[in-house]
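Listed below are the residues making up each chain.
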Amino acid sequence: MNGFNKYYQKDRQTRLDILVQQKKLTQAEVDSLIDPKLDLTLGDTMIENFITQYQIPEGLALNYVIDGKEYLIPMVTEEPSVIAAASHGAAIVKRSGGFTSELKERLMIGQIVIEQVKDATKLAQELEQKQAKLLQLANEAHPSIVCRGGGAREIKVRILAPDLISLDLLVDVKEAMGANMLNTMLEACASYLRTELDTEILLSILSNYATRCLVKVTCEIPVSELTKGELAGEKIAQKIATASRLAQLDPYRATTHNKGIMNGIDAVVIASGNDWRAIEAGAHAYATRNGSYQGLSTWQVKGDKLIGELELPLPLGSVGGSVSIVPLVKLNHRLLELQDAKELEKIVAAVGLGQNLAALYALVTDGIQKGHMKLQLKSLAVAVGASPSEVSAVVAGLLAKKARDSATAKQILEEIRGNDHEQK
Ligand SMILES: CC(C)(COP(=O)([O-])OP(=O)([O-])OC[C@H]1O[C@@H](n2cnc3c(N)ncnc32)[C@H](O)[C@@H]1OP(=O)([O-])[O-])[C@@H](O)C(=O)NCCC(=O)NCCSC(=O)C[C@@](C)(O)CC(=O)[O-]
Ligand SMILES: NC(=O)C1=CN([C@@H]2O[C@H](COP(=O)(O)OP(=O)(O)OC[C@H]3O[C@@H](n4cnc5c(N)ncnc54)[C@H](OP(=O)(O)O)[C@@H]3O)[C@@H](O)[C@H]2O)C=CC1
């Protein structure tokens with residue numbers, strides 16, 4: 001595209017000027033990208049071809065009691081009702097004693113994939129015999145992690161096809177998510193394998209399928225806690241359990257069920273400065289571990305209790321990546337009163353389960369639209385041009401008319417403005 005040659009080498013002001021010269025944006029639009037309150041130097045150091053800071057709202061989820069400790073949880077999301085739902089689900093669980101978490105180990109996995117293998121069984125044996133050397137090379141490539149008490153722990157060899165082998169390196173990355181340190185280790189080992197065993201290396205990279213960094217959260221809710229108006233808690237619990245079974249049976253439903261879980265998980269992962277694409281990819285891969293795509297959480301009625309469980313890979317860092325450089329992320333870690341990465345992983349899993357409970361509870365009782373749309377209507381009002389002082393009147397008008405469409409919202413806004421005009 002004309003004018004955008006070596007765009008990345010221009011300074012930010014020049015990049016913005018080019019947008020105006022090329023008639024992509026007007027001067028007024030470009031001016032709106034320059035907010036003096038934003039730290040614009042940070043973006044330029046974090047990403048490429050930087051033009052402005054995109055803003056997504058942040059709010060707090062309340063009521064999260066996990067392993068006996070109560071948290072204030074920052075969530076970053078553009079979707080109305082997510083934070084209300086997360087707080088609602090957690091409130092039900094809090095009244096029943098809170099969430100319990102379990103985290104057995106925290107190892108990241110990286111792959112060195114060897115191609116054009118002639119004798120896979122023989123090579124697999126040779127690789128296994130080299131375990132000690134490979135662990136030593138990996139640790140030498142990133143010695144600081146060894147000083148911190150972490151480092152390479154084991155290798156695993158998987159024959160993927162007669163000509164393809166994956167050598168998996170398992171590393172204790174301590175407080176980091178570990179992608180960069182693992183990739184450094186993998187490349188050092190790959191270069192050794194290339195020369196020492198005369199292998200053809202296809203690629204070396206961390207795997208986001210972090211099956212050795214699993215977090216499980218559970219909760220037990222007396223069914224009586226679920227009672228809503230005329231609907232007995234027992235009946236609601238049974239319906240939530242059936243909705244959970246449905247998500248185990250049907251991938252169409254499982255995808256939406258998991259989307260609801262990720263509403264909560266992504267929002268906390270983003271607020272904590274972590275890589276949410278990595279978490280999304282790992283979560284959905286884990287949802288297929290039994291052969292077909294299934295709901296990540298399960299809900300069962302046992303006696304007079306509804307038991308919820310969510311397990312998924314959650315390799316999150318309390319340091320590294322953007323965690324150590326973005327001031328708001330640091331502030332969010334303070335709000336969370338985090339001790340370490342494991343604690344963050346437990347919190348994120350609990351929000352996933354709390355979010356899922358609220359969604360299922362709404363789905364099997366009032367339906368999703370009642371609670372969700374009440375909060376979504378504020379966005380609809382803004383979308384049709386309501387100013388902050390007009391939003392609540394437009395929402396009230398929409399609720400009175402039981403309408404959710406933009407034409408009605410516009411009409412209500414015009415009526416409000418007409419009335420205001422007449423009064424003046
Ligand atoms: C929206 C609610 C919570 C209303 O819930 P409600 O029971 O109608 O309202 P309530 O006034 O009784 O409030 C209950 C609690 O919710 C919280 N709460 C209530 N309102 C607010 C608010 N304005 N701001 C912050 N928190 C709020 C708050 O904790 C409150 O307790 P209180 O503090 O009053 O004792 C409920 O209907 C709900 O949880 N709905 C689910 C909404 C949802 O899941 N939204 C995500 C978008 S839909 C989607 O993407 C996922 C989905 C649904 O497809 C997943 C799936 O299919 O599985
Ligand atoms: N497939 C994927 O998911 C990929 C993701 N990424 C990106 O990689 C980044 C994450 O990589 P990661 O290696 O975690 O981050 P970093 O590269 O930032 O490494 C972690 C940093 O934290 C420091 N550190 C301080 N204290 C500790 C501690 N207690 N434990 C561990 N490290 C500590 C390390 O110091 P020291 O240097 O002294 O060890 C290191 O500088 C993310 O931005 C992600 O988006 C990149 C490639 C692929």
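Residues numbered from 1 in each chain as written. Chains lettered and ligands numbered in written order. Predicted model: local features only at pLDDT ≥ 70, side-chain atom pairs only at ≥ 80, totals over all residues. Heavy atoms only, no water.

1. Some thoughts on the sheet that holds strand S3 (residues 100-102)
Strand pairs in the sheet, formed through backbone hydrogen bonds, run parallel or antiparallel to each other. Reading across from one edge, S3-S8-S10-S9 is the order of the four strands in this open sheet, with antiparallel pairing throughout. Both outer strands of the open sheet, S3 and strand S9 (297-302), are each paired with one neighbouring strand and no more. The average undirected angle you get between the axes of adjacent strands in this sheet is 20°. The pairing of S9 with strand S10 (residues 305-313) spans six bridges and is antiparallel. For serine 297, the partnering residue across the bridge sits in S10 and is leucine 310. Its contacts with the sheet put helix H9 (residues 233-249) on S9 and S10, and the angle it makes with S9 is roughly 140°. (Pairing = 2+ DSSP bridges. Helix = DSSP H or I, 4+ residues; strand = E, 2+ residues; numbered from the N terminus. Axes fitted to C-alpha atoms, helices over the stretch in contact; angles between N-to-C directions. Contact = heavy atoms within 4.5 Å.)

2. Concerning the domain arrangement of the protein
Here the domain parsing of the protein yields domain 1 (2-46), domain 2 (58-104 + 213-366), domain 3 (108-207) and domain 4 (371-423). Of note, the centres of domain 1 and domain 3, computed from C-alpha atoms alone, are 42 Å apart. (Domains from an automatic or database assignment.)

3. Quick look at the pairing of strand S1 (residues 58-66)
As defined by bridge partners, S1 adjoins strand S2 (residues 69-76) across seven bridges and the pair is classed as antiparallel. Looking at the pairing, tyrosine 64 lines up with tyrosine 71 of S2.

4. Quick word on the nonpolar core
Counting 56 residues, the largest nonpolar core has Tyr64, Ile73 and Met75 as its most contacted members. The element contributing the most residues to this core is helix H13 (residues 341-364), with eleven residues. (Core = buried A, V, L, I, M, F, W, Y, C linked by side-chain atoms within 4.5 Å. Buried < 20%, exposed > 50% of the residue type's maximum accessible area, 1.4 Å probe, protein only.)

5. Here we look at the sheet that holds strand S4 (residues 108-115)
The four strands lie next to each other as S5-S6-S4-S7, forming an open sheet whose pairing is antiparallel. Edge positions in the sheet fall to strand S5 (151-161) and strand S7 (200-206), since each of these pairs with one other strand and no more. Between one strand axis and the next, the sheet turns through 20° on average, direction left out of account. Pairing of S4 with strand S6 (residues 164-172), which is carried by seven bridges, proceeds in the antiparallel orientation. Each residue of the ladder has a partner; that of glycine 110, found in S6, is leucine 169. Each of S4, S5 and S6 is contacted by helix H5 (residues 120-129), which is oriented at about 180° to S5, the strand it contacts most. Against the sheet, helix H8 (residues 179-196) engages S4, S5, S6 and S7, with an angle of about 165° to S7.

6. Section: the side chain of arginine 212
By the element assignment, arginine 212 lies in the loop between S7 and strand S8 (214-222). Here the side chain of arginine 212 touches glutamate 105 through a polar contact of 2.5 Å, side chain to side chain. (Polar contact = N/O pair within 3.5 Å; in protein donor to acceptor, adjacent residues only side chain to side chain.)

7. Some points on the environment of leucine 306
Relative to the helices and strands, leucine 306 is located in strand S10. On the basis of relative accessible area, leucine 306 is assigned to the buried category, the value being 0%. Separated by 72 residues in sequence, leucine 306 and glutamate 234 place their C-alpha atoms 8.9 Å apart.

8. With respect to the packing of helix H6 (residues 131-141) against H8
Here H6 crosses H8 at 130°, and the two axes come no closer than 8 Å. On the basis of the axis angle, H6 is oblique to H8. In this structure, H6 crosses over H8, and the sense of that crossing is right-handed. Together, Lys133, Leu134, Leu137, Ala138, Asn139 and Ala141 of H6 and Thr184, Met185, Ala188, Cys189, Tyr192 and Leu193 of H8 make up the contact between the two elements. Grouping the amino acids of the contact of H6 with H8 by side-chain chemistry returns nine nonpolar, two polar and one charged. (Parallel < 35°, antiparallel > 145°, perpendicular 65-115°, else oblique. Left-handed = near helix turned anticlockwise from the far one by under 90°. Nonpolar A, V, L, I, M, F, W, Y, C, P; charged D, E, K, R; others polar.)

9. Let's talk about the site of ligand 2
Lining the immediate surroundings of ligand 2 are 21 residues, of which Ser144, Arg148, Gly178, Asn208 and Asp275 lie closest. In the model, an oxygen atom of ligand 2 is placed 3.3 Å from a nitrogen or oxygen of the alanine 179 main chain. Contact between ligand 2 and glycine 321: an oxygen atom at 2.9 Å from a main-chain N or O atom of the residue. Compared with its free state, where it exposes 940 Å², ligand 2 has 68% of that area covered by protein. Looking at the shell around ligand 2, the elements that each hand over two or more residues are helix H7 (143-147) and H8. Per-element accounting of the shell around ligand 2 gives the leading share, four residues, to H8. By residue class, the composition of the shell around ligand 2 is nine nonpolar, eight polar and four charged. Counting the residues that make up the shell around ligand 2, at least three belong to each of domain 2 (58-104 + 213-366) and domain 3 (108-207). (Near = heavy atom within 4 Å. Areas by Shrake-Rupley, 256 points an atom, 1.4 Å probe, with all protein chains shown as cover.)

10. Things to note about a nonpolar patch on the surface
Together, Leu60, Leu62, Leu72, Leu328, Leu331 and Leu335 line one region of the surface with nonpolar side chains, adding up to about 460 Å² of accessible area. At the level of elements, S1 and helix H12 (327-336) are the ones that each hand at least two residues to the nonpolar patch. The element that contributes the greatest number of residues to the nonpolar patch is H12, accounting for three residues. Locating leucine 72 in the fold gives a position in strand S2. (Patch = residues over 30% accessible without salt bridge, like charges linked within 9 Å, V, L, I, M, F, W, Y side chains within 5 Å. Salt bridge = Lys/Arg side-chain N within 4 Å of Asp/Glu carboxyl O.)

11. Digging into the site of ligand 1
Around ligand 1 there are 23 residues in total, and Glu79, Ser81, Arg253, Lys259 and Asn263 lie nearest to it. The leading source of residues in the shell around ligand 1 is helix H10 (residues 251-271), at six residues. The residue inventory of the shell around ligand 1, partitioned by class, reads nine nonpolar, ten polar and four charged. When residues of the shell around ligand 1 are assigned to domains, at least three map to each of domain 2 (58-104 + 213-366) and domain 4 (371-423).

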